[in-house]
There are 4 protein chains.
Amino acid sequence: MKRVTERRTYSYLGPAGTFTEAALDQVPEARGHEWRPVHNVGEALADVLEGRSDAAMIAIENSIEGGVSTTLDALATLPGLRIVGEYLVKVNFVLVAAPGTRIDQVQVIAAHPVAYAQCHGWLGAHLPQHSHVPASSNVASAIGILDGSLPAEAAIAAPGIVAHHDVEVLAEQIGDNDNAVTRFVLVTRTTAPAAPTGADKTSLIVELPVDQPGALLELLEQFSTRGINLSLIQSRPIGDELGRYRFVLDADGHIHDERMADALLGIRRFSPRVVFLGSYPRADRKIVHYPERYADEVFVEARDWLRALVAGAPDA
Amino acid sequence: MKRVTERRTYSYLGPAGTFTEAALDQVPEARGHEWRPVHNVGEALADVLEGRSDAAMIAIENSIEGGVSTTLDALATLPGLRIVGEYLVKVNFVLVAAPGTRIDQVQVIAAHPVAYAQCHGWLGAHLPQHSHVPASSNVASAIGILDGSLPAEAAIAAPGIVAHHDVEVLAEQIGDNDNAVTRFVLVTRTTAPAAPTGADKTSLIVELPVDQPGALLELLEQFSTRGINLSLIQSRPIGDELGRYRFVLDADGHIHDERMADALLGIRRFSPRVVFLGSYPRADRKIVHYPERYADEVFVEARDWLRALVAGAPDA
Amino acid sequence: MKRVTERRTYSYLGPAGTFTEAALDQVPEARGHEWRPVHNVGEALADVLEGRSDAAMIAIENSIEGGVSTTLDALATLPGLRIVGEYLVKVNFVLVAAPGTRIDQVQVIAAHPVAYAQCHGWLGAHLPQHSHVPASSNVASAIGILDGSLPAEAAIAAPGIVAHHDVEVLAEQIGDNDNAVTRFVLVTRTTAPAAPTGADKTSLIVELPVDQPGALLELLEQFSTRGINLSLIQSRPIGDELGRYRFVLDADGHIHDERMADALLGIRRFSPRVVFLGSYPRADRKIVHYPERYADEVFVEARDWLRALVAGAPDA
Amino acid sequence: MKRVTERRTYSYLGPAGTFTEAALDQVPEARGHEWRPVHNVGEALADVLEGRSDAAMIAIENSIEGGVSTTLDALATLPGLRIVGEYLVKVNFVLVAAPGTRIDQVQVIAAHPVAYAQCHGWLGAHLPQHSHVPASSNVASAIGILDGSLPAEAAIAAPGIVAHHDVEVLAEQIGDNDNAVTRFVLVTRTTAPAAPTGADKTSLIVELPVDQPGALLELLEQFSTRGINLSLIQSRPIGDELGRYRFVLDADGHIHDERMADALLGIRRFSPRVVFLGSYPRADRKIVHYPERYADEVFVEARDWLRALVAGAPDA
């Protein structure tokens with residue numbers, strides 16, 4: 001029987017050459033489908049919510065900068081989305097300029113703010129007097145110094161820039177950390193979580209109750225008391241007043257795991273607002289380990305025991 | 001329609017006149033049925049387990065002495081029992097002797113060990129040089145000094161003793177605490193817990209896992225994280241080696257309460273051995289209060305939410 | 001210079017032949033000094049407090065029965081005492097009777113209540129219909145059946161009884177646990193704790209604040225958050241009303257250890273009443289292990305750091 | 001004696017008209033002294049560390065965006081600094097353009113990234129198709145569109161912009177939150193903390209030990225177990241690998257408070273790296289309240305008690 005393949009659309013932060021495009025390139029199901037470059041995360045997610053795209057690839061966390069604020073805040077406030085996969089892209093940077101420029105002529109540097117922050121150490125050591133002009137992407141920074149639209153002598157860009165634009169590399173590997181990676185997630189409209197793979201991650205955004213000191217403590221205990229590790233803990237201000245936070249969390253495991261389901265119940269009962277972002281396979285495919293006492297069968301056995309007690313059967 | 005009343009049998013620590021009989025006297029359903037005096041708690045529980053009795057009244061806790069070891073250890077090790085009710089009896093004591101005895105002639109005092117302990121303060125103040133001969137009950141102490149079977153000049157007994165035996169009261173109200181009470185429980189074979197009354201108590205015996213420091217901490221957290229108060233915490237050695245304990249616990253609430261059921265599940269998953277002794281109305285009929293966040297409907301709502309997430313419905 | 005040895009007095013629960021005497025026999029410093037047999041724990045401690053004795057040997061815990069209530073309550077309420085050593089005595093029991101008695105003639109058994117409890121299993125299996133007459137010691141039980149002062153046909157006694165009295169052994173090793181031991185402590189008037197040996201124990205009695213649910217949790221955390229294990233946790237009712245407890249605790253380590261001193265400070269701040277019973281060498285001489293992060297030098301370093309901060313020195 | 005006033009220098013993010021200048025304007029001691037505009041936070045802090053300035057005013061937290069990453073990372077990694085005061089500035093924004101521009105002509109918006117994020121809601125509603133060109137400050141955005149150095153038709157700027165530049169306001173109050181404030185801190189070289197005022201705040205940066213799950217839990221407990229509230233909890237990646245965080249914390253109270261000093265000791269013992277940023281008066285001058293059991297005298301009394309125990313004095 002012939003399978004009729006539907007044509008799908010994927011939104012991503014363009015133009016071609018961005019790290020986001022490199023992430024999308026890792027998605028086998030996306031090959032041969034339409035890739036739609038957009039200007040910002042909000043637009044990518046709106047594409048999904050309003051049906052223009054089937055999925056959006058967005059940066060969510062960076063090993064240097066931490067959670068990407070715009071992404072986290074969008075996911076916290078836009079209902080109807082779900083993360084279905086994650087992808088890691090190694091990031092490093094070059095300092096480029098128009099051909100003929102010498103590094104001692106550089107006073108102003110064009111760079112996307114996140115890239116700029118990741119080169120903080122190198123810049124402080126080599127160009128301590130520089131000032132910074134922000135660019136809208138790691139490609140736009142280079143274009144801006146070439147066409148004169150950004151008032152800078154050099155730009156921080158992704159290494160691939162030399163393939164597309166006539167720039168001279170003044171310095172390579174200027175990122176402060178050789179192991180820097182950015183984590184991207186693929187987001188669709190709400191859908192049932194795919195079956196567990198044993199190497200899964202569950203993402204949540206949790207608002208803390210206002211009137212309870214120790215509320216964050218209580219949130220973390222929901223995980224620790226069920227043997228669940230957290231790989232991301234990111235505070236974000238709720239925005240209504242200083243001192244009110246929501247927390248973005250990545251927890252090891254899948255909503256189909258008994259211990260995760262139980263933790264989610266505990267969090268739901270305690271938090272005024274929980275956004276479940278999804279359970280999906282980890283990019284690194286590392287199997288999640290947990291103490292035997294939190295295995296599924298332990299939960300099942302306890303429920304059987306309780307049922308027997310209520311029915312009046314003797315306790316075993 | 002005429003209800004045919006079955007004749008029932010109740011075992012209790014005799015003889016007539018003990019505090020246990022006073023407790024049984026508080027049970028309306030027991031009136032007009034057979035009351036069977038026995039010699040010790042083990043015999044009372046064996047009567048129930050082997051079908052000679054329908055229920056046994058046994059002392060479980062005392063405001064001065066704490067948990068009654070024999071009772072707690074029997075409940076911990078004999079399967080097939082369930083507590084169905086609790087009853088409080090005010091206890092106080094008199095010092096009695098054969099007629100004509102003067103208090104300055106008293107050197108040895110006959111007393112049941114629990115009664116003896118409750119009069120410790122008075123004895124230390126008034127008869128510091130006395131020694132103690134244990135008697136098997138608060139009635140046997142008095143009989144023993146009268147018939148010479150106990151080598152003592154005076155006995156500690158319940159105030160009612162004067163109605164049955166020819167003794168002289170040397171001192172009244174010699175108990176160290178005017179508010180001393182003993183708590184008794186009525187025990188049957190395993191049966192389904194009666195419906196909650198809103199003023200209920202749940203009794204458990206929990207063994208701690210050996211290999212986990214902080215295990216008691218974790219046990220207590222199972223209650224505190226669900227807004228459940230404990231009114232009894234009694235450690236008892238398991239008996240196989242020094243330093244291993246089981247804990248006898250009375251928790252406010254009923255197994256039909258969502259928060260209690262959830263706590264029981266948590267304890268069952270963590271403990272190598274849990275004995276559920278029963279959920280039953282409190283003797284004092286005090287309504288159990290708990291934070292609104294642990295109400296039944298909060299648990300139900302969280303389960304509905306989780307079910308919707310797994311099904312792929314958007315989170316509310 | 002010649003050291004003049006002072007003659008010292010040691011009080012213990014007599015008569016000769018008790019397990020308490022066996023404990024005192026383990027104290028090298030006691031040899032050749034006066035041993036003073038007394039009738040009860042209260043008398044032994046009064047001897048110390050009032051200067052008649054230099055020290056008293058008293059039973060504090062039993063591997064079957066748990067803490068010895070009278071001892072724990074006396075230590076909780078009598079100020080001015082300190083534990084300076086602990087000693088373990090293996091306990092087992094025989095069932096004895098007047099020569100010529102057959103076991104099938106035994107209906108009533110004389111036994112000290114603690115001994116009786118330790119033979120509960122054997123008695124339930126072999127003499128289920130027996131009743132119990134309490135005796136004041138493991139020696140008095142045997143004497144009582146011989147001289148007729150106790151109305152019983154058999155007695156539970158310590159194995160050494162056959163050397164002193166004309167009894168016939170009906171059954172040996174009737175204790176429920178072959179490894180049963182009783183722990184004794186040597187108590188003096190308040191004195192500075194001896195230097196740490198590395199294998200020490202600290203004993204405390206702590207009253208919980210009334211108005212705080214989770215108070216026991218908080219007490220236990222004072223130890224767990226400093227890497228200190230507890231080898232004894234014994235609840236005792238305070239005695240004023242049902243549901244109020246004090247806790248008797250043995251913690252691994254010495255008051256001279258920084259982590260123990262810090263835990264004691266935390267407990268003192270939180271508890272309405274703490275009795276420090278002493279830091280003394282463990283009977284088993286087992287070296288106390290603890291996580292490196294709770295070592296003395298870590299505490300000292302932190303204090304140095306804090307002092308520097310307050311002084312305005314840069315943080316290291 | 002005549003006091004010779006030294007001339008002092010204050011660095012701040014310029015040019016004149018920024019919110020940072022408004023913060024510096026709140027410092028009475030800075031009036032009449034030299035104000036030195038700089039290009040970025042790193043330069044401001046370098047001025048202080050290298051002696052070109054006596055103090056620097058820098059933005060540290062924003063009610064919409066949360067902690068300012070560059071500031072937090074600089075404070076985490078540069079030794080020798082101390083916060084001596086905090087200042088709040090209300091922030092709101094206008095959308096401006098060259099005279100004659102209509103809002104329907106706006107496709108690209110120049111804005112400082114933090115300002116941009118604070119207008120996210122308004123932009124999504126009114127200009128959903130816009131793209132963003134980052135500017136280096138809230139003043140540079142407007143200058144950039146006027147002089148053509150930024151490729152945008154409109155700019156997000158502070159309301160005061162109209163006083164200095166020939167722009168037309170297209171929309172006012174476009175910030176998503178009317179109560180948005182930015183919190184600034186005044187930073188000097190390391191110095192002893194000023195005396196407590198009763199309304200103080202202590203700022204810390206704490207790295208978590210890698211090998212301990214539940215490490216964040218333990219960090220938070222250091223505060224909760226001493227009755228100390230946290231008003232800021234901000235996670236920042238350490239930057240060496242995904243999943244490793246440091247935490248920026250503002251705690252209510254002063255290092256001279258016993259409970260805060262004790263918490264600092266606990267944190268120092270547990271964390272591989274703690275940066276004490278300072279204890280300083282709160283901008284809102286709100287008196288810090290705490291449970292009576294954490295009062296200074298409770299700590300002092302406990303220390304006296306411990307000292308007496310070690311000396312061999314009876315426990316009170």
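Every value quoted in this text rests on a predicted model; they were computed, and no experiment measured them.

## Side note on the overall build of chain A
Link 1 in the chain: For chain A, the helix and strand inventory stands at nine helices and 15 strands.
Link 2 in the chain: Here chain A, with 316 residues, has 50% of them falling under the buried criterion.
Link 3 in the chain: Look at the contacts in chain A between residues 6 or more apart in sequence, and 74% of them connect residues 24 or more apart.

## Some points on the relation of the copies chain D and chain A
Link 1 in the chain: Once chain D has been moved 0.1 Å along the axis and rotated by 180 degrees, it coincides with chain A to within an RMSD of 0.2 Å. Taken together, the turn and the small shift mark the pair as related by a two-fold rotation axis. When each C-alpha of chain D is compared by its distance to the rotation axis, D:Pro134 comes out closest, at 2.3 Å.
Link 2 in the chain: The fraction of interface residues of chain D whose copies in chain A are also interface residues reaches 100%, indicating that both copies meet through the same surface.

## Remarks on the sheet that holds strand 8 (residues 131–134) of chain A
Residue and element names in this part refer to chain A.
Link 1 in the chain: Taken in spatial order, the five strands of this open sheet run 8-7-9-6-10, and their pairing is mixed. Each end of this open sheet is capped by a strand with a single partner; those strands are strand 8 and strand 10 (168–171). Taken pair by pair, the neighbouring strands of this sheet meet at an average axis angle of 35 degrees, ignoring direction.
Link 2 in the chain: With four bridges joining them, strand 6 (residues 94–97) and strand 9 (residues 154–157) adopt antiparallel strand pairing. For Val-94, the partnering residue across the bridge sits in strand 9 and is Ala-157.
Link 3 in the chain: On top of the sheet, helix 6 (residues 140–147) reaches strand 6, strand 7 (108–111) and strand 9; it is set at about 160 degrees to strand 9, its chief contact.

## Quick look at the domain arrangement of chain A
Link 1 in the chain: The domains assigned to chain A are domain 1 (8–90 + 180–191), domain 2 (94–171) and domain 3 (193–311).
Link 2 in the chain: Between the C-alpha centres of domain 2 of chain A and domain 3 of chain A there is a distance of 42 Å.

## Quick look at the interface of chain D and chain A
Link 1 in the chain: Contact with chain D, which involves 47 residues of that partner, is made by 47 residues of chain A.
Link 2 in the chain: In terms of residue class, the side of chain D that touches chain A is built from 17 nonpolar, 22 polar and eight charged.

## Some points on helix 6 of chain A
All names here are of chain A.
Link 1 in the chain: Here helix 6 lies mainly inside the structure; six of its eight residues are buried.
Link 2 in the chain: Taken together, the buried residues of helix 6 touch strand 6, strand 7 and strand 9.
Link 3 in the chain: Two residues or fewer past helix 6, Gly-148 is found with a positive phi of approximately 80 degrees.

## Re the interface of chain A and chain B
Much of the literature gives interface size as the accessible area that the parts lose upon coming together.
Link 1 in the chain: Of the residues lining the interface, 29 residues belong to chain A; the matching set on chain B comes to 29 residues.
Link 2 in the chain: Those elements giving two or more residues to the side of chain A that touches chain B turn out to be helix 8 (258–270), strand 15 (273–281) and helix 9 (296–311) of chain A.
Link 3 in the chain: Top contributing element to the side of chain A that touches chain B by residue count: helix 9 of chain A, with nine residues.
Link 4 in the chain: Partitioned by chemical class, the residues of the side of chain A that touches chain B number 20 nonpolar, four polar and five charged.

## Here we look at the confidence of the model for chain A
If pLDDT is low for a region, its predicted coordinates should not be looked at in detail.
Link 1 in the chain: Looking at chain A, the pLDDT average stands at 89 and 95% of residues meet or exceed 70.
Link 2 in the chain: Overall fold confidence (pTM) sits at 0.83, and the ipTM for the predicted complex is 0.84.

## A word on the arrangement of the chains
Link 1 in the chain: Considering only C-alpha positions, the minimal separation of the non-contacting chain A and chain C is 14 Å.
Link 2 in the chain: Note that chain B does not reach chain D: the shortest distance linking a C-alpha of one to a C-alpha of the other is 14 Å.

## Overview of the environment of D:His132
Link 1 in the chain: Tracing the chain through its elements places D:His132 in strand 8 (residues 131–134).
Link 2 in the chain: Judged by the 22 C-beta atoms lying within 10 Å of it, D:His132 falls in the buried class.
Link 3 in the chain: In the structure, D:His132 is positioned ten residues away from D:Trp122 in sequence and 14 Å away in space, judged by C-alpha atoms.
Link 4 in the chain: If near-sequence neighbours (up to four positions away) are discounted, D:His132 is found in contact with A:Asn40, A:Ser136, D:Ile109, D:Ala111 and D:Tyr116.

## As for the relation of the copies chain A and chain B
Mapping one chain copy onto the other needs a rotation about an axis and a shift along that axis.
Link 1 in the chain: The operation relating chain A to chain B is a screw motion whose rotation component is 180 degrees, with 0.0 Å of axial translation and a residual RMSD of 0.1 Å.
Link 2 in the chain: In this assembly, 100% of the residues forming the interface of chain A have copies in chain B that are likewise at the interface, indicating an isologous arrangement.

## With respect to the sheet that holds strand 9 (residues 154–157) of chain D
Residue and element names in this part refer to chain D.
Link 1 in the chain: Read from one edge to the other, the open sheet built from five strands follows the order 8-7-9-6-10, with strand pairing classed as mixed. The open sheet has two free edges, formed respectively by strand 8 and strand 10 (168–171), since each of these has just one partner strand. Within this sheet the neighbouring strands show an average axis-to-axis angle of 35 degrees, counted without direction.
Link 2 in the chain: In terms of strand pairing, strand 7 (residues 108–111) meets strand 9 through two bridges, oriented parallel. Paired with Ala-110 across the strands is Ala-155, a residue of strand 9.

## Details of helix 10 (residues 296–311) of chain B
Link 1 in the chain: For helix 10 of chain B, built from 16 residues, the straight-helix expectation of 22 Å at 1.5 Å per residue is met to within 8% by its first-to-last C-alpha distance of 23 Å.
Link 2 in the chain: One or two residues past the end of helix 10 of chain B sits B:Gly312, with phi positive at roughly 95 degrees.

## Side note on the pairing of strand 2 (residues 34–38) of chain D
Residue and element names in this part refer to chain D.
Link 1 in the chain: Where strand 1 (residues 9–13) meets strand 2, five bridges bridge the pair, whose relative direction is parallel. Of the residues in strand 2, the one forming a bridge with Ser-11 is Arg-36.
Link 2 in the chain: Each parallel crossover has a hand, and for strand 1 linked through helix 1 (residues 19–24) to strand 2 it is right-handed.

## Observations regarding the environment of C:Leu146
Residue and element names in this part refer to chain C.
Link 1 in the chain: With respect to the helices, strands and loops of the structure, Leu-146 is situated in helix 6 (residues 140–147).
Link 2 in the chain: Since 17 C-beta atoms lie within 10 Å of it, Leu-146 is described here as partly exposed.
Link 3 in the chain: The spatial distance from the C-alpha of Leu-146 to the C-alpha of Ala-98 is 6.1 Å, given a sequence separation of 48 residues.

## Re unusual backbone geometry
Link 1 in the chain: Despite not being glycine, B:Gln173 has its phi angle at roughly 50 degrees, a positive value.
Link 2 in the chain: The topology assignment puts B:Gln173 in the loop between strand 10 (168–171) and strand 11 (181–189).
Link 3 in the chain: Positive phi outside glycine occurs at D:Arg285, with the angle close to 55 degrees.

## A look at the nonpolar core
Link 1 in the chain: Ranked by size, the top nonpolar core spans 192 residues in total, and within it B:Val96, B:Ala155, C:Val96 and C:Ala155 carry the most contacts.
Link 2 in the chain: Apart from residues lying up to four places away in sequence, C:Val96 is in contact with C:Ala142, C:Ala154, C:Ala155, C:Ala157, C:Ile161, C:Val167, C:Glu168, C:Val169 and C:Leu170.
Link 3 in the chain: A:Tyr116, A:Ile174, D:Ile109 and D:Val274 belong to the second-largest nonpolar core, a separate cluster that totals 188 residues.

## With respect to the packing of helix 9 of chain A against helix 9 (residues 258–270) of chain B
Link 1 in the chain: Interaxial distance between helix 9 of chain A and helix 9 of chain B falls to 9 Å at its minimum, and their mutual angle equals 125 degrees. For the element pair helix 9 of chain A / helix 9 of chain B, the angle class is oblique. The interaxial crossing formed by helix 9 of chain A with helix 9 of chain B has right-handed handedness. For the pair formed by helix 9 of chain A and helix 9 of chain B, the contact residues are A:Val298, A:Phe299, A:Ala302, A:Arg303, A:Trp305 and A:Leu306 on the first element and B:Ala261, B:Leu264, B:Leu265, B:Arg268 and B:Arg269 on the second.

## Side note on the environment of C:Arg31
Link 1 in the chain: Its place among the elements puts C:Arg31 in the loop between helix 1 (19–24) and strand 2 (34–38).
Link 2 in the chain: Classification of C:Arg31 as exposed rests on a count of 9 C-beta atoms within 10 Å.

About the cut-offs
- Residues numbered from 1 in each chain as written.
- Chains lettered and ligands numbered in written order.
- Predicted model: local features only at pLDDT ≥ 70, side-chain atom pairs only at ≥ 80, totals over all residues.
- Helix = DSSP H or I, 4+ residues; strand = E, 2+ residues; numbered from the N terminus.
- Buried ≥ 20, exposed ≤ 12 C-beta atoms within 10 Å, placed from the backbone.
- Contact = placed C-beta atoms within 7 Å.
- Least-squares fit on C-alpha atoms with pLDDT ≥ 70 in both.
- Pairing = 2+ DSSP bridges.
- Axes fitted to C-alpha atoms, helices over the stretch in contact; angles between N-to-C directions.
- Domains from an automatic or database assignment.
- Nonpolar A, V, L, I, M, F, W, Y, C, P; charged D, E, K, R; others polar.
- pLDDT = per-residue confidence, 0-100.
- Expected span 1.5 Å × (residues − 1).
- Right-handed = clockwise from strand over helix to strand, strands pointing away.
- Core = buried A, V, L, I, M, F, W, Y, C linked by C-beta atoms within 7 Å.
- Parallel < 35°, antiparallel > 145°, perpendicular 65-115°, else oblique.
- Left-handed = near helix turned anticlockwise from the far one by under 90°.

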